[in-house]
Amino acid sequence: MPVTLHQTQRDFFMKWLKIVCIILLVALAGCSWSKDEPEKTADELVAEGQMYFAEEKYDRAVKSYKKLKDWYPFSSHAKEAGLKIADANFLMESYDEAIIAYNEYERMHPNDEKIPYVIYQVGLCDFDRIETIDRDQTATQNALQTFQRLIQQFPDSEYSLQAKPKIETCLQ
């Protein structure tokens, strides 16, 4: 039996329909139909982060504060969340992550009143990694430069006073 034009069109349409269905199935497979947890308000995320921070569950506090920054970047709490993320990383001794977070905070809020604290904390991240004199002194040099920058930019800050003995330690 010869193939008619009508059959060829139908076969082409059926193949095209199968391809479209497969593409849709693949695309929908990547979508999540149910959320793992309900979306929280900015205030709920702040309260959650504060609770975890107070309980010294810093990794969970970081997650809450990161969600806050991601979901509500223009919230009045987002700025403080950035600082809390840095502090939590510092307290977990995740110094590289803490330095990144403190530097991001300083970059985003260069005129903030907490900048002397932020610079001091960056210096502490390196200061706490200082090892014996026979080891690599990169951390020592970084801490020294950071503390000197703090004293130069904010000579009257309470953090500058705290940095002075640490500079002496770095020089020794």
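Quick note: structure is the one above.
We now turn to the structure provided with this report. What you are looking at is a predicted structure, and each value in this text was computed from that prediction instead of being measured.

Looking at the packing of helix H4 (residues 78-91) against helix H5 (residues 95-108)
Okay, so step 1: For the pair H4 and H5, the least separation of the axes is 7 Å and the interaxial angle reads 160°. Between H4 and H5, the interaxial angle falls into the category roughly antiparallel. Every pair of crossing elements has a handedness; the one defined by H4 and H5 is left-handed. Counted together, Lys 79, Gly 82, Leu 83, Ile 85, Ala 86, Asp 87, Asn 89 and Phe 90 of H4 and Tyr 95, Glu 97, Ala 98, Ala 101, Tyr 102 and Tyr 105 of H5 form the full contact between these two elements.
Okay, so step 2: Its residues placed into classes, the contact of H4 with H5 shows 9 nonpolar, 2 polar and 3 charged.

Things to note about the pattern of salt bridges
Okay, so step 1: Evaluation of the coordinates by the stated rule reveals 8 salt bridges.
Okay, so step 2: Across the pair Lys 79 and Asp 112 runs a salt bridge whose closest N-O atoms are separated by 2.6 Å. With Lys 79 in helix H4 and Asp 112 in the loop between H5 and helix H6 (115-127), this residue pair connects regions lying 33 residues apart in the sequence.
Okay, so step 3: Owing to a relative accessible area of 35%, Lys 79 belongs among the partly exposed residues under this scheme.
Okay, so step 4: With a closest N to O distance of 2.9 Å, Glu 80 and Lys 114 form a salt bridge. With a gap of 34 residues between them, Glu 80 in helix H4 and Lys 114 in the loop between H5 and H6 connect regions that are remote in the sequence.
Okay, so step 5: Note on Glu 80: relative accessible area 34%, which makes it partly exposed.

A look at the nonpolar core
Okay, so step 1: Ranked by size, the top nonpolar core spans 38 residues in total, and within it Leu 68, Phe 90, Tyr 102, Tyr 120, Cys 125 and Phe 147 carry the most contacts.
Okay, so step 2: Of all the secondary structure elements, the ones that give two or more residues to this core are helix H2 (42-54), helix H3 (58-71), H4, H5, H6, helix H7 (138-153) and helix H8 (158-171).
Okay, so step 3: The dominant element in this core, judged by the number of residues it contributes, is H6, at 8 residues.
Okay, so step 4: Other than its neighbours up to four places away in sequence, Phe 90 contacts Tyr 95, Ala 98, Tyr 102, Gln 121, Leu 124, Cys 125 and Asp 128.

Thoughts on the packing of aromatic side chains
Okay, so step 1: A complete count under the given rule lists 6 aromatic pairs for this structure.
Okay, so step 2: On the basis of an interplanar angle of 65° and a centroid distance of 5.5 Å, the ring pair of Tyr 117 and Tyr 159 is categorised as edge-to-face. Remark: Tyr 159 occurs in helix H8 and Tyr 117 occurs in helix H6; sequence separation between them is 42 residues.
Okay, so step 3: Ring-pair connections join several aromatic residues into one group, and the members of that group are Tyr 117, Tyr 120, Phe 127, Phe 147 and Tyr 159.
Okay, so step 4: A cation over a ring is seen here: Lys 84 above Phe 53, with NZ or CZ 4.4 Å from the ring centre.

Let's talk about a nonpolar patch on the surface
Okay, so step 1: Taken together, the side chains of Phe 12, Trp 16, Ile 19, Val 20, Ile 23 and Leu 24 present a nonpolar region at the surface, about 630 Å² in accessible area.
Okay, so step 2: Along the chain, Leu 24 turns up in helix H1 (residues 5-29).
Okay, so step 3: Its relative accessible area of 48% is what places Leu 24 among the partly exposed residues.

Calculation criteria
- Residues numbered from 1 in each chain as written.
- Predicted model: local features only at pLDDT ≥ 70, side-chain atom pairs only at ≥ 80, totals over all residues.
- Heavy atoms only, no water.
- Axes fitted to C-alpha atoms, helices over the stretch in contact; angles between N-to-C directions.
- Helix = DSSP H or I, 4+ residues; strand = E, 2+ residues; numbered from the N terminus.
- Parallel < 35°, antiparallel > 145°, perpendicular 65-115°, else oblique.
- Left-handed = near helix turned anticlockwise from the far one by under 90°.
- Contact = heavy atoms within 4.5 Å.
- Nonpolar A, V, L, I, M, F, W, Y, C, P; charged D, E, K, R; others polar.
- Salt bridge = Lys/Arg side-chain N within 4 Å of Asp/Glu carboxyl O.
- Buried < 20%, exposed > 50% of the residue type's maximum accessible area, 1.4 Å probe, protein only.
- Core = buried A, V, L, I, M, F, W, Y, C linked by side-chain atoms within 4.5 Å.
- Phe/Tyr/Trp six-rings, centres within 6.5 Å; stacked < 30°, edge-to-face > 60°.
- Lys NZ or Arg CZ within 6 Å of the ring centre and 35° of its normal.
- Patch = residues over 30% accessible without salt bridge, like charges linked within 9 Å, V, L, I, M, F, W, Y side chains within 5 Å.
- Areas by Shrake-Rupley, 256 points an atom, 1.4 Å probe, with all protein chains shown as cover.

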